[in-house]
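Residue-level listing of the chains:
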Amino acid sequence: MAEITSITPQLKDKERCNIYVDGRFYCGLRLETAVRCRLRVGQHIELSQLDEIQLESEKSQALDKALKHLSASMKTEKQMRDYLAKKGYVPAVCDHVLEKLRGYGFVDDAEYGRQYARFAARGKGARLIALELKQKGVGEEAVEAALSELPPAANAAEAVLQKYMRHKPPTRENFAKAYRHLISRGFGYDEAKEAVAALRDGAEEGGAEEGEGESGGGEGGE
């Protein structure tokens, strides 16, 4: 059995306390719950019993906190689980809350992936978008589905490149840096190469037209 080694009030919520087991933080509880269940320092208790106490007494409160957290923006299941765990809820409570959120349609990793990818595609390539989605906990299948719905990356690469090259002279060095910038933003090597080549060709054509105009002006002056 484990031993409750400390019960301390939470700094941000005076109505809740932190339960430490064997010298380590284990979970958070309402003070009223801790008192009602007669939890005390030095008490030996099964961890499953602590889990059951929190599940039965705080699952509604945990759901309320989760819904409030979701009100600002969509979240993945992993983000919600991490949030609840940080608040001190045990896995059983997290599982209960996530089951409710999925049932309400408030947590949907596939839809999150689609919306995130659609927005991020304005300035990022598929490789970086996929990496960020996986870091947020979206599964491989949902990531691939989200990326499959995106339009070709050429326009996005061109927009990122135009912004990067703004106020920069069209030199070979700057084009090389622009290429590396596109790669760092998650665009493929071929996409980056084509975007830089198109911009370089356009700059060269513009330079040629300016040169021709200056030459024509000189002849007219004679």
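A brief look at the structure comes next. Here the residue numbering is sequential within each chain, running from 1 through the sequence in written order. For this predicted model, a pLDDT threshold of at least 70 governs which residues receive local features, and a threshold of 80 or more governs which side-chain atom pairs are given and counted, while totals over whole chains, interfaces and linings are taken from all residues. Each side-chain value is worked out from all heavy atoms of the structure, with water and hydrogens disregarded.

**Some thoughts on the state of the cysteines**
Okay, so step 1: Put simply, a disulfide is two cysteine sulfurs that come within 2.5 Å. Taken as a whole, this structure holds zero disulfides when the rule is applied.
Okay, so step 2: Cys17 provides the cysteine sulfur closest to Cys27, a residue in no disulfide bond, and the two sulfurs are 8.0 Å apart.
Okay, so step 3: The rule is simple: take the accessible area with a 1.4 Å probe, protein chains only, and divide by the maximum for that residue type; under 20% is buried, over 50% is exposed, in between is partly exposed. The exposure class assigned to Cys27 is buried, which follows from its relative accessible area of 0%.
Okay, so step 4: Of all cysteine sulfurs, the one in Cys17 lies closest to Cys37, which takes part in no disulfide; the gap is 10 Å.

**Section: the layout of surface pockets**
Okay, so step 1: A cavity here means a set of points on a 1 Å grid, drawn over the protein atoms and nothing else, where a 1.4 Å probe fits but cannot get out; a pocket is an open set with protein on both sides within 12 Å along at least five of seven lines, and a residue lines either one if it has an atom within 4 Å of a point. Grid points are joined across faces, edges and corners, and a volume is the space filled by probe spheres set on the points. Considering only enclosed or pocket space, the largest pocket measures out at about 380 Å³ in volume.
Okay, so step 2: Tallied by class, the residues present in the lining of the largest pocket amount to five nonpolar, three polar and six charged. Classes in brief: Ala, Val, Leu, Ile, Met, Phe, Trp, Tyr, Cys and Pro nonpolar; Asp, Glu, Lys and Arg charged; the others, Gly included, polar.

**What to know about the environment of His181**
Okay, so step 1: Its location among the elements puts His181 in helix α9 (residues 172-184).
Okay, so step 2: The sequence separation of His181 and Val93 amounts to 88 residues, and the corresponding C-alpha distance is 44 Å.
Okay, so step 3: Contact between two residues is taken to exist if any of their heavy atoms lie within 4.5 Å; hydrogens are not considered. If we ignore the near neighbours within four places in the chain, the residues touching His181 are Val160 and Tyr164. A run of H or I in DSSP becomes a helix once it reaches four residues, and a run of E becomes a strand once it reaches two; helices and strands are each numbered from the N terminus.

**Things to note about unusual backbone geometry**
Okay, so step 1: A positive phi is found at Asp22, a non-glycine position, where the angle reads about 50°.
Okay, so step 2: Locating Asp22 in the fold gives a position in the loop between β2 (16-21) and β3 (24-30).
Okay, so step 3: One non-glycine residue, Arg38, adopts positive backbone phi at about 60°.
Okay, so step 4: Assignment of secondary structure puts Arg38 in the loop between α1 (31-36) and β4 (44-45).
Okay, so step 5: Judged by its relative accessible area of 68%, Arg38 is exposed.

**What about the side chain of Asn18?**
Okay, so step 1: Relative to the helices and strands, Asn18 resides in strand β2.
Okay, so step 2: Any pair of N or O atoms that falls within 3.5 Å is considered a polar contact. Within protein, one atom must be able to donate a hydrogen and the other to accept it, and sequence-neighbouring residues count only if both atoms are side-chain atoms. One polar contact links Asn18 to Gln10, side chain to side chain, over a distance of 2.9 Å.
Okay, so step 3: Not counting residues up to four positions away in its chain, the partners in contact with Asn18 are Ser6, Ile7, Thr8, Gln10, Phe25, Cys27 and Gly28.

**Details of the packing of helix α6 (residues 126-135) against helix α7 (residues 140-148)**
Okay, so step 1: Axis separation between α6 and α7 bottoms out at 10 Å; the angle between their running directions is 145°. In this structure, α6 meets α7 at a crossing whose hand is right-handed. The segment α6 lies against α7, with Ala126, Ile129, Ala130, Leu133 and Lys134 engaging Glu140, Val143 and Leu147.
Okay, so step 2: Residues that form the contact of α6 with α7 fall into these classes: six nonpolar, no polar and two charged. Lines fitted to C-alpha atoms define the axes here, with helix axes fitted over just the stretch in contact, and angles between the N-to-C directions of these axes take values from 0 to 180 degrees. Crossings are assigned a handedness: left-handed for a near helix turned anticlockwise from the far helix by less than a right angle, right-handed for a clockwise turn.

**Overview of the side chain of Gln10**
Okay, so step 1: By the secondary structure assignment, Gln10 is in the loop between β1 (2-9) and β2.
Okay, so step 2: Assessed through its relative accessible area of 14%, Gln10 is described here as buried.
Okay, so step 3: Setting aside residues up to four positions removed in sequence, Gln10 forms contacts with Arg16, Cys17, Asn18, Gly28 and Lys87.

**Regarding the nonpolar core**
Okay, so step 1: Only buried residues count toward a nonpolar core. Its members are Ala, Val, Leu, Ile, Met, Phe, Trp, Tyr and Cys residues joined through side-chain atoms within 4.5 Å. Membership of the largest hydrophobic core comes to 27 residues, with the highest contact counts inside it found for Ile19, Leu29, Leu39, Met80, Leu84, Val97 and Leu101.
Okay, so step 2: Residue assignment for this core shows that the elements contributing at least two residues are β1, β2, β3, α2 (47-70), α3 (77-86) and α4 (91-104).
Okay, so step 3: Of all the elements, α2 adds the most residues to this core, at six residues.
Okay, so step 4: When near neighbours in sequence (up to four residues on either side) are disregarded, Leu39 contacts Ile4, Ile7, Leu29, Ala34, Ile45, Leu50 and Ile53.
Okay, so step 5: Ala157, Phe187, Ala195 and Leu199 belong to the second-largest nonpolar core, a separate cluster that totals 14 residues.

**Details of the packing of aromatic side chains**
Okay, so step 1: Side-chain rings of Phe, Tyr and Trp (the six-membered ring for Trp) are treated as a pair once their centres are within 6.5 Å; stacked means planes under 30 degrees apart, edge-to-face means over 60, and tilted covers the remaining angles. For the coordinates displayed, the defined rule picks out three aromatic pairs.
Okay, so step 2: For the pair Tyr20 and Phe25, a centre-to-centre distance of 5.8 Å together with 75° between the ring planes defines the contact as edge-to-face.
Okay, so step 3: On the accessibility criterion, Phe25 (37% relative accessible area) is partly exposed.
Okay, so step 4: A centroid spacing of 5.6 Å and a plane angle of 55° characterise the contact between Tyr104 and Phe106, whose relative ring orientation is tilted.

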